[in-house]
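Descriptive structure summary
Chain residues, written in single-letter form:
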Amino acid sequence: MSAPPLSTAPEPVPPTAPSRPSSPSVWTVARAVAAVDLRRLARDKVALFFMLFLPFVLILALGVAFPSDAGKVRVGVVARETTGVGGKLLEAVGGADNLDVRFYDDDRAVVRDIQLGEIDAGIIIPAGLTEVVESGGTGQVRLELDPANQASAMLRNMLDAVVENQALVLTAARFAENQTGVDQQRALAAAEEQVRQLTRGQVQDRTVGGSGVPISGFAFTALSQLILFMFINSLAGGSSLVEMRTLGVADRAMTAPVSTAGLVGGITMSRFAIALGQGFLIAVVSAVAFGVDWGDPAVLVVVVTLFALVSAGAGVLMGALARTPDQAVAFGIPLALVMAALGGCFFPLSVAPPVMQVVARVLTPQAWATGALTESVFDGASLPDVAVNVVVLCGFAALYLSLGVVLLQRRLERR
Amino acid sequence: MTTPTVRCEGLRKSYGDRVAVDGVSFEIAAGESYGLLGPNGAGKTTTISMMCGLLHADAGRIEVVGRPMTTGRCDAKQLLGLVPQDIALYPDLTARENLVFFGRLQGLSRSDLRTRIDEVLEIVALEDRAGDRVDGFSGGMKRRCNIAAALLHRPHLLVLDEPTVGVDPQSRASILDGIANLQAAGMAVLYTTHYMEEAQRLCDRIGIIDEGRLVAEGTQSELISAVGQSPVVRLTASGDLRTLADAASLQPQVLRASAGDGRLEVAVAEPARALAPLIELAESCGVAVAGVDVVEPDLESVFLHLTGKALRD
Ligand SMILES: Nc1ncnc2c1ncn2[C@@H]1O[C@H](COP(=O)(O)OP(=O)(O)O)[C@@H](O)[C@H]1O
Ligand SMILES: [Mg+2]
């Protein structure tokens with residue numbers, strides 16, 4: 001191929017050129033950098049496969065591979081109270097024809113069998129439950145759950161309803177006894193009948209969900225993949241920041257009258273937008289295609305937004321630390337997988353040994369994000385219920401972002 | 001006296017124990033083209049990285065049209081355009097997309113940018129490839145696009161770091177022509193190279209750099225005369241060359257004479273006048289002359305003289 005000659009048209013003499021542009025603002029620079037970053041992503045077929053395709057393949061595959069509503073739900077029960085409320089619980093559990101009940105003596109055996117997949121859930125009925133319920137206390141029945149399992153969520157709702165009903169029954173009976181002087185036995189029976197009338201619909205409702213559609217078996221898979229993919233793709237995406245340096249583009253940018261704040265700000269902005277887009281894409285698609293009910297939308301929005309900041313910070317940090325683009329991918333993906341595993345993206349953190357739970361919470365933002373989403377999706381938690389998670393996620397975001405920004409700035413300034 | 005376009009004073013940079021640039025000072029006048037000539041590792045890239053505000057100098061100061069250059073955001077940066085040694089473009093973006101990006105970093109407005117991009121693409125003869133991705137370009141086209149990105153903001157001084165390394169001869173010629181055109185239009189140029197011919201062809205003044213020091217500076221003829229280099233007449237011959245060399249060195253026009261393997265090298269002030277007597281002398285010594293070459297001194301020999309080593313190894 002022959003190279004065409006350079007044009008002979010003379011260039012206007014620069015020193016006399018009247019309109020010298022003024023230095024661009026930080027915002028102009030940040031926008032230009034973010035625009036290029038997003039445009040390059042749009043052309044990166046591998047990255048797009050990892051962002052737009054793989055998460056849904058995995059959600060589908062995992063959701064189908066571990067069906068939660070096939071056949072009976074296997075429940076392990078440790079019964080330390082067999083009368084009163086405890087008795088009622090045993091009655092309810094034993095009478096439910098979709099449950100397969102096994103009795104245990106040891107709490108730890110229940111947890112172990114859940115981990116082994118021998119049973120789907122465990123119920124531990126403590127001694128003295130009736131007294132606690134009578135005095136208005138709650139939360140004494142311990143439920144060991146695998147949140148990935150839709151049936152276990154149904155089970156929880158059912159047990160909640162039984163305990164609640166029993167509390168109502170006992171309160172009503174005591175009230176009747178005090179007010180009318182009828183004997184305790186008759187008051188109890190009457191109250192029980194009354195409450196049954198009142199709450200039958202409720203029990204039914206709670207086991208099938210508001211819209212009459214059961215909680216999707218894809219729910220846990222979707223929420224864990226959401227957290228997993230936001231983070232893993234952000235770390236792998238750090239490679240594009242490394243490329244900026246290895247391609248010499250960063251140096252060339254630094255010969256322009258720009259501050260590092262504009263360059264780093266732009267990169268952080270686009271990385272945040274990408275992580276946010278990834279998160280909401282998974283949320284929306286899994287809601288529409290897999291029927292996942294995300295619970296409180298406020299929890300979803302806040303957690304995904306904060307986790308996008310966390311992920312963007314981690315991506316920028318990786319972009320500053322890795323020496324080559326391949327390094328960012330080679331370190332980023334295993335690191336993200338380990339953090340995801342530790343943070344409860346592969347199995348619920350609640351079934352991990354207590355020490356691991358503490359380690360996970362200290363080390364991984366994933367633990368707090370999956371925790372908040374799990375509570376929202378399976379327990380109907382609203383934003384105030386997950387306030388601690390939100391605060392901790394803010395802390396992780398601040399930590400990662402400030403480290404990433406400072407280190408990348410130093411790298412760009414070649415200090 | 002007018003302010004020089006660039007003034008560098010006492011630039012110094014070390015990497016650990018290794019001193020990459022060791023007290024380099026030079027000035028480039030408006031519209032002047034200055035060549036920084038030196039072998040690989042001499043400190044050329046390090047010098048211009050400091051000059052363009054990419055690298056913090058350990059010592060020294062840099063002024064561009066009187067404005068101090070710093071590594072941060074500063075006015076001086078608007079006056080320079082750097083063409084880096086390696087292609088600094090996004091391969092997955094088109095030529096135009098790359099230019100839009102760098103133009104916006106220079107603060108060009110959208111409308112200004114559009115016309116400027118067309119202009120610089122025309123200068124580097126890439127106007128019909130504006131919409132193509134850079135990774136589909138040939139090596140020479142990438143180099144030209146690399147130059148275009150440095151011209152967008154109409155710099156006073158264009159700094160080119162070995163822009164023809166690894167380029168085919170045709171692209172090389174077109175790049176050199178293009179730079180000559182920019183010079184002709186009044187743009188000052190700083191050109192680093194380890195190709196002596198390019199420095200000779202393009203540069204008004206040349207600084208010779210070796211091991212981080214500027215060892216000599218001046219126009220080509222100043223440099224050659226300063227180191228006392230003279231033309232050499234080289235005879236390819238057979239016979240008793242040693243005797244001939246001794247005889248030749250007694251001749252009045254001859255500065256030096258030395259015999260080698262089938263060759264006699266005679267340094268003379270004026271080759272045209274020394275040639276006939278030399279051949280006569282050879283005949284009288286019984287030496288058969290098979291060929292005659294006249295070697296004019298060049299920057300290569302200046303470099304060899306100054307540093308005791310060849311520019312390229
Ligand atoms: N980042 C760096 N770290 C360590 N040494 C470096 C670095 N950059 C350049 N050098 C050294 O500084 C010297 C000058 O390099 P450079 O300016 O690139 O030379 P040139 O451009 O003339 O080939 C060389 O010895 C090189 O090895
Ligand atoms: Mg170099």
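Residues numbered from 1 in each chain as written. Chains lettered and ligands numbered in written order. Predicted model: local features only at pLDDT ≥ 70, side-chain atom pairs only at ≥ 80, totals over all residues. Heavy atoms only, no water.

Description of the overall build of chain A
Within chain A one finds 15 helices and four strands. A total of 415 residues make up chain A; the buried ones form 49% of that total. For chain A, long-range pairs separated by at least 24 residues make up 80% of all intrachain contacts whose partners lie at least 6 apart in sequence. (Helix = DSSP H or I, 4+ residues; strand = E, 2+ residues; numbered from the N terminus. Buried < 20%, exposed > 50% of the residue type's maximum accessible area, 1.4 Å probe, protein only. Contact = heavy atoms within 4.5 Å.)

Thoughts on the packing of aromatic side chains
All names here are of chain A. Evaluation of the coordinates by the stated rule reveals eight aromatic pairs over all chains. Judged by centre distance (6.0 Å) and plane angle (35°), the ring pair of Phe231 and Phe307 falls under tilted. On the criterion of sequence distance, the pair formed by Phe231 in helix H8 (residues 219-246) and Phe307 in helix H11 (residues 297-321) is long-range, its members being 76 residues apart. Like Phe307, Phe231 is buried. Among the aromatic residues, those joined into a ring-pair cluster are Phe49, Phe50 and Phe53. (Phe/Tyr/Trp six-rings, centres within 6.5 Å; stacked < 30°, edge-to-face > 60°.)

Quick look at the coordination of the magnesium ion (ligand 2)
Looking at the magnesium ion (ligand 2), one finds its protein donor set to be Thr45(B) (OG1) and Gln85(B) (OE1), positioned 1.9 to 2.3 Å from the metal centre. Of this pair, Thr45(B) sits in helix H1 (residues 44-51) while Gln85(B) is found in the loop between strand S6 (80-83) and helix H2 (95-105), placing the two residues 40 residues apart along the sequence. (Donors = N, O, S within 2.8 Å, 3.2 Å for Na, K, Ca; no water.)

A few points about helix H1 (residues 26-43) of chain A
Relative to the 26 Å expected for 18 residues at 1.5 Å per residue, H1(A) spans 26 Å between its end C-alpha atoms, a close match to the ideal helical length. The set of residues buried in H1(A) consists of Val29(A), Ala30(A), Ala32(A), Val33(A), Ala34(A), Val36(A), Asp37(A), Arg40(A) and Leu41(A). (Expected span 1.5 Å × (residues − 1).)

Concerning the interface of chain B and chain A
Between chain B and chain A, the contact holds 59 residues from the first and 46 residues from the second. Both faces combined, the contact of chain B with chain A buries some 4700 Å², and carbon together with sulfur accounts for 57% of it. Contact with chain A buries surface across chain B, with Leu54(B), Arg73(B) and Leu105(B) losing the most and accounting together for 16% of the total. In this assembly, chain B and chain A are joined by three salt bridges. The residue Arg39(A) makes a salt bridge to Glu97(B) at a minimum N-O spacing of 3.1 Å. On the surface where chain B and chain A come into contact, there are nine residue pairs in polar contact (both at pLDDT 80 or more). At eight residues, the largest contribution of residues to the side of chain B that touches chain A is made by helix H5 (residues 169-184) of chain B. (Buried area = accessible area lost by both parts, 1.4 Å probe. Salt bridge = Lys/Arg side-chain N within 4 Å of Asp/Glu carboxyl O. Polar contact = N/O pair within 3.5 Å; in protein donor to acceptor, adjacent residues only side chain to side chain.)

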